[in-house]
Amino acid sequence: MEAAILIMALLFVAFVALGVYVSVKVIGAAKRGVERTVTQARRTVEETTLRAKSYGQGGVAGELAQLRLSLRTSMRATQDALHAGAAEDASLSESIGLFQRLSAHGHELDDELKRLEREPDRATVASLLPGLRERTERITRSAESLRWAARDRARKFADDDLDALSTQIDVEAGALRHWSGAETAEPEAAAAASWPQAGGTGGAGGGVDGGGDRVAEQTWPEAGAGVGPGQTVAEQPQAITASDPRQQTSYPWQKTARPETTN
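Cut-offs used in this document
Residues numbered from 1 in each chain as written. Predicted model: local features only at pLDDT ≥ 70, side-chain atom pairs only at ≥ 80, totals over all residues. Heavy atoms only, no water. Helix = DSSP H or I, 4+ residues; strand = E, 2+ residues; numbered from the N terminus. Expected span 1.5 Å × (residues − 1). Buried < 20%, exposed > 50% of the residue type's maximum accessible area, 1.4 Å probe, protein only. 1 Å grid on protein atoms, 1.4 Å probe; cavity = no way out; pocket = protein on both sides within 12 Å on 5 of 7 lines; lining within 4 Å. Points joined across faces, edges and corners; volume = space filled by probe spheres on them. Nonpolar A, V, L, I, M, F, W, Y, C, P; charged D, E, K, R; others polar. Axes fitted to C-alpha atoms, helices over the stretch in contact; angles between N-to-C directions. Parallel < 35°, antiparallel > 145°, perpendicular 65-115°, else oblique. Left-handed = near helix turned anticlockwise from the far one by under 90°. Contact = heavy atoms within 4.5 Å. Phe/Tyr/Trp six-rings, centres within 6.5 Å; stacked < 30°, edge-to-face > 60°. Lys NZ or Arg CZ within 6 Å of the ring centre and 35° of its normal. Core = buried A, V, L, I, M, F, W, Y, C linked by side-chain atoms within 4.5 Å.

(A) Up close: helix H3 (residues 93-117). Helix length check: H3 (25 residues) gives 36 Å between terminal C-alpha atoms against 36 Å at 1.5 Å per residue, within 8%. Ser-95, Ile-96, Phe-99, Leu-102, Ser-103, Gly-106, Leu-109, Asp-110, Leu-113, Leu-116 and Glu-117 are the residues of H3 that are buried.

(B) Main features of the layout of surface pockets. In this structure, the second largest pocket encloses a volume near 200 Å³. Ala-81, Ala-84, Gly-85, Glu-88, Asp-89, Leu-92, Ala-150, Arg-151, Arg-153, Ala-154 and Phe-157 together form the lining of the second largest pocket. Elements with a minimum of two residues in the lining of the second largest pocket: helix H2 (59-86) and helix H4 (122-176). Here the lining of the second largest pocket takes five residues from H4, the largest share from any one element. Across the lining of the second largest pocket, the residue classes break down as six nonpolar, one polar and four charged.

(C) Seen up close, the packing of H3 against H4. Interaxial distance between H3 and H4 falls to 10 Å at its minimum, and their mutual angle equals 160°. Considering their axes alone, H3 and H4 lie roughly antiparallel with respect to each other. Taken as a pair, H3 and H4 cross one another with a handedness that is left-handed. Residues Ser-95, Phe-99, Leu-102, His-105, Gly-106, Leu-109, Glu-112, Leu-113, Leu-116 and Glu-117 of H3 lie in contact with H4, whose contacting residues are Arg-122, Val-125, Leu-128, Leu-132, Arg-135, Thr-136, Ile-139, Ser-142, Ala-143 and Leu-146. Of the residues belonging to the contact of H3 with H4, the class tally is eleven nonpolar, five polar and four charged.

(D) Region of the structure containing the packing of aromatic side chains. Considering all chains together, one arrives at zero aromatic pairs under this definition. Its end group placed over the ring of Trp-148, Arg-151 keeps NZ or CZ at 5.0 Å from the ring centre.

(E) A look at the nonpolar core. With 20 residues, the main nonpolar core has Leu-64, Met-75, Leu-109, Leu-113, Leu-132 and Ile-139 as its most contacted residues. Mapped by element, the contributors of at least two residues to this core are H2, H3 and H4. If you tally residues by element for this core, the top one is H4, at seven residues. Setting aside chain neighbours within four positions, we find Met-75 in contact with Phe-99, Leu-102, Ser-103, Ile-139 and Ala-143.

As structure tokens, then:
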């Protein structure tokens, strides 16, 4: 009885622990999903605002917004390309490490541009624009270099795989077209083996037509040729022969045959 109570208590504790673990996992996944959704929504709002400023405003504010927009767009495109390629090509892990270092510089520049948007001294900001533009171009150029290198690598692998597949298909197609030699020889061999040729040539056993060509006759196996293994000729079915009337047994009720008379 005590053992049963102990087992039930252990099962209850195990189920409770399992429920707590599952609840924590579900809550964590839901929290990460909410945070991801909020981040994407904030990013969408910021990019929409930057596009509006870059097209709607001129001067220093518009140029700052345009620099931030080009920087964010280039960095996000490179990040998506590298992570998509790393799922199939493990050698891109080093490129991802380099991009993470580049991302640190990109985030630093983006934060600086964001602070300068709220700077009231437009003259000072205008004097800093050439240096900011150069830094933005360097970062975006490096990001584009990584992105296009990853895409070229993926396209090269795809082309090599397509070439190998095309070669295999050509070989298989050529093998499938070699049907004439093998398929025409088989019917001829089957036709030759279906009926045996005549053993004799010419004479009484062979027929000769009017043109002088010999015609092959069908031959049949001789007596004893069809004896199977372990059998004798006596054991084979014998042909039915007609009985001799002179050797038949006569009975009293049968009439005797009258001899024929000649006149």
